[in-house]
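Residue-level structure breakdown
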Amino acid sequence: MKSKKTFYTEIAFAIGIFILAVGTAFMEKADFGMSMIVVPSYLIHLIVSKYLPFFSFGVSEYLFQAFLLIALSVAMRKVKKSYLLSFITAFVYGVLLDLSIGVMGHISCEGIVLRVIFFLIGMLCCTCGVSLVFHSYLPPEAYEMLVKEVSIKYGFNIGKVKTFYDCCSCLLGIILSFVFFGFGTFVGIGWGTVICAVANGFIISTISKILDNTFVFKDGLNLKNKLN
């Protein structure tokens, strides 16, 4: 039987955040609709950047996540070290997202076939990135942190909390699209958003199983207890 290779969780986390940013940039370039998780911040970016050009998608992402972490702190009535580190994760992701979008700006994406390919690459990168981040003890982005903390606090099933949050995020995106661009206008939301909502959970689970069957995830640094 072939032995599994060691995959350090810190490296998995770094790769995960990087390809999450790259994947989101691919999906933005394909323009078939963003993942329901990032739709609200994407729409805020589109409207605010008209007046403040520096307000990029990446900036909108980490500021929106900062708002979520503040709301989480108020709900939990305390500020954990992991919340602050989660914002750092969001900030790094936002910077990488802007860099990725900048690079994608120099790549042509014309024609339905190429756009579909870009979308599929983006979706695969995002799901793979989430799978890798979930294999690390390092604080994830605010989206995952909020789901984790609420499920632990109230004893809810984390899968159900995740589904509920995804639905709320999608609903918020629809409301913002109507408010910003007119009733019945879906900006940033398309068939790609629906596909992500339906398939992401299955793909993430499948990739995680492949990773677990291929690697042994091991902490390279003794930081787990210090980050709690």
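Note that this is a predicted model, so its numbers are computed, not measured. (Residues numbered from 1 in each chain as written. Predicted model: local features only at pLDDT ≥ 70, side-chain atom pairs only at ≥ 80, totals over all residues. Heavy atoms only, no water.)

Once that is clear, we can look at the overall build of the protein chain. Check the secondary structure of the protein chain and you find eight helices and two strands. Relative to the globule expectation of 17 Å for 228 residues, the C-alpha radius of gyration of the protein chain, 18 Å, shows essentially globular dimensions. Based on the C-alpha atoms only, the size of the protein chain along its principal axes is roughly 50 × 45 × 30 Å. The buried share of the protein chain, taken over its 228 residues, is 46%. Put simply, 78% of the contacts in the protein chain that link residues at least 6 apart link residues at least 24 apart. Of the roughly 12300 Å² of accessible surface on the protein chain, 71% is carried by carbon and sulfur atoms. Charged side chains of the protein chain number 18 positive and 12 negative; the gap between the two group centres comes to 10 Å. (Helix = DSSP H or I, 4+ residues; strand = E, 2+ residues; numbered from the N terminus. Rg over C-alpha atoms; globule rule 2.2 N^0.38 Å. Buried < 20%, exposed > 50% of the residue type's maximum accessible area, 1.4 Å probe, protein only. Contact = heavy atoms within 4.5 Å. Areas by Shrake-Rupley, 256 points an atom, 1.4 Å probe, with all protein chains shown as cover. Lys, Arg positive; Asp, Glu negative; His and termini not counted. Charge placed at Lys NZ, Arg CZ, Asp CG, Glu CD.)

This part is about the pattern of salt bridges. For the structure shown, the criterion picks out one salt bridge. A salt bridge links Lys80 to Glu149, with the shortest nitrogen-to-oxygen separation between them at 2.9 Å. In this pair, Lys80 sits in the loop between helix H3 (57–76) and helix H4 (81–104) while Glu149 sits in helix H6 (residues 142–154), placing the two residues 69 residues apart along the sequence. When its relative accessible area of 28% is taken as the criterion, Lys80 is described as partly exposed. By relative accessible area, Glu149 is classed as buried at 9%. (Salt bridge = Lys/Arg side-chain N within 4 Å of Asp/Glu carboxyl O.)

Once that is clear, we can look at helix H8 (residues 191–214). With 24 residues, H8 should cover 34 Å at 1.5 Å per step; its first-to-last C-alpha distance of 33 Å lies within 8% of that length. Along its length, H8 reaches its greatest deviation from straightness, about 50°, at Ala199. Along H8, the residues classified as buried are Gly192, Thr193, Cys196, Asn200, Ile204, Ile207, Ser208 and Leu211. (Expected span 1.5 Å × (residues − 1). Bend = angle between axes of the 7 residues up to and from the residue.)

Going through the model one piece at a time under the given rule, you end up with 14 aromatic pairs. Judged by centre distance (6.3 Å) and plane angle (85°), the ring pair of Phe32 and Phe119 falls under edge-to-face. Taken as a pair, Phe32 in the loop between helix H1 (9–30) and helix H2 (39–48) and Phe119 in helix H5 (residues 112–134) lie far apart in primary sequence, 87 residues in all. Ring plane angle 55° and centroid distance 4.9 Å describe the contact between Tyr62 and Phe91, whose orientation is recorded as tilted. On the criterion of sequence distance, the pair formed by Tyr62 in helix H3 and Phe91 in helix H4 is long-range, its members being 29 residues apart. Feature note: the residues Phe7, Phe215 and Phe217 constitute an aromatic cluster, connected by ring pairs. (Phe/Tyr/Trp six-rings, centres within 6.5 Å; stacked < 30°, edge-to-face > 60°.)

In this section: the confidence of the model for the protein chain. Averaged over the protein chain, the pLDDT score is 87; the fraction of residues at 70 or greater is 97%. By mean pLDDT, the top-scoring element of the protein chain is H1 (93), and the lowest-scoring one is H6 (82). (pLDDT = per-residue confidence, 0-100.)

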